[in-house]
Amino acid sequence: MANKMAKSNATPVNITILGKEFQVASPEDEHQTLLQAANFLDKRMREIRSAGKVLGLERIAVMAALNLSYELLNKPSTDTDSNAEFEQRIELLNEKIDDALKQSEQIGLTDNP
């Protein structure tokens, strides 16, 4: 239910990852955080791509998501409320990434193995 409320206040924000631009709907008060997350993800994906072991935008994105999820889940934590909030934010970001990948796939920006 909270997800539906968040989408109703959402406005588009453009993010760039690996030189590809994506338009993602997000509440205006979260635009800056989303841009920071996109920059962080872009950096991690560039690191994976420069290592040369993973090819294709989708595969690089999956590896970056997997690495970040692993790091988050293995980070020592003392606050269970924060964990629930992080999990909720990760789920929301994953949905936004999935939506952006689906849109880019429809217009031919991603590689399909």
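Residues numbered from 1 in each chain as written. Predicted model: local features only at pLDDT ≥ 70, side-chain atom pairs only at ≥ 80, totals over all residues. Heavy atoms only, no water.

K.L.:
Looking at this structure, I do not really get unusual backbone geometry. What am I missing?
P.N.:
Trans is the common state for peptide bonds, and a negative phi is the common state for residues other than glycine. The residue Leu 18 is not glycine, and still its phi comes out positive at about 50 degrees. Here Leu 18 shows up in the loop between strand 1 (10-17) and strand 2 (20-27). Look at Leu 18 and you get buried, because its relative accessible area is 11%. (Helix = DSSP H or I, 4+ residues; strand = E, 2+ residues; numbered from the N terminus. Buried < 20%, exposed > 50% of the residue type's maximum accessible area, 1.4 Å probe, protein only.)

K.L.:
Is there a simple way to think about the pattern of salt bridges in this case?
P.N.:
Here the idea is simple: oppositely charged side chains can pair when their charged atoms come close. Applying the stated criterion across every chain, the model contains three salt bridges. A salt bridge links Asp 42 to Arg 46, with the nearest nitrogen and oxygen atoms 2.9 Å apart. Of this pair, Asp 42 and Arg 46 both sit in helix 2 (residues 31-51), four residues apart, which is roughly one turn of the helix. Residue class for Asp 42 comes out buried when judged on its relative accessible area of 14%. A salt bridge links Glu 71 to Arg 44, with the nearest nitrogen and oxygen atoms 2.5 Å apart. Residue Glu 71 is located in helix 3 (residues 57-73), and its partner Arg 44 is located in helix 2; the two are separated by 27 residues in the primary sequence. Under the relative-accessibility criterion, Glu 71 is labelled partly exposed at 40%. The class for Arg 44 is buried, based on a relative accessible area of 16%. (Salt bridge = Lys/Arg side-chain N within 4 Å of Asp/Glu carboxyl O.)

K.L.:
It is not clear to me how helix 2 should be interpreted in this structure. Could you clarify?
P.N.:
Because the α-helix completes a turn every 3.6 residues, residues three or four places apart line up on one side. Here helix 2 is 21 residues long and its end C-alpha atoms lie 30 Å apart, about the 30 Å a rise of 1.5 Å per residue gives. Among all positions of helix 2, only His 31, Leu 34, Ala 38, Leu 41, Asp 42, Arg 44, Met 45 and Ile 48 are buried. One or two positions beyond helix 2, positive phi appears at Gly 52, with a value near 80 degrees. (Expected span 1.5 Å × (residues − 1).)

K.L.:
Whenever I open this one, the side chain of Ser 26 confuses me. Can you help?
P.N.:
Considering the arrangement of structural elements, one finds Ser 26 in strand 2. Within the structure, the side chain of Ser 26 is placed 3.4 Å from the side chain of Lys 96, a separation counted as a polar contact. Here Ser 26 is in contact with Asn 9, Ala 10, Thr 11, Val 13, His 31, Leu 34 and Lys 96, once residues within four sequence places are set aside. (Polar contact = N/O pair within 3.5 Å; in protein donor to acceptor, adjacent residues only side chain to side chain. Contact = heavy atoms within 4.5 Å.)

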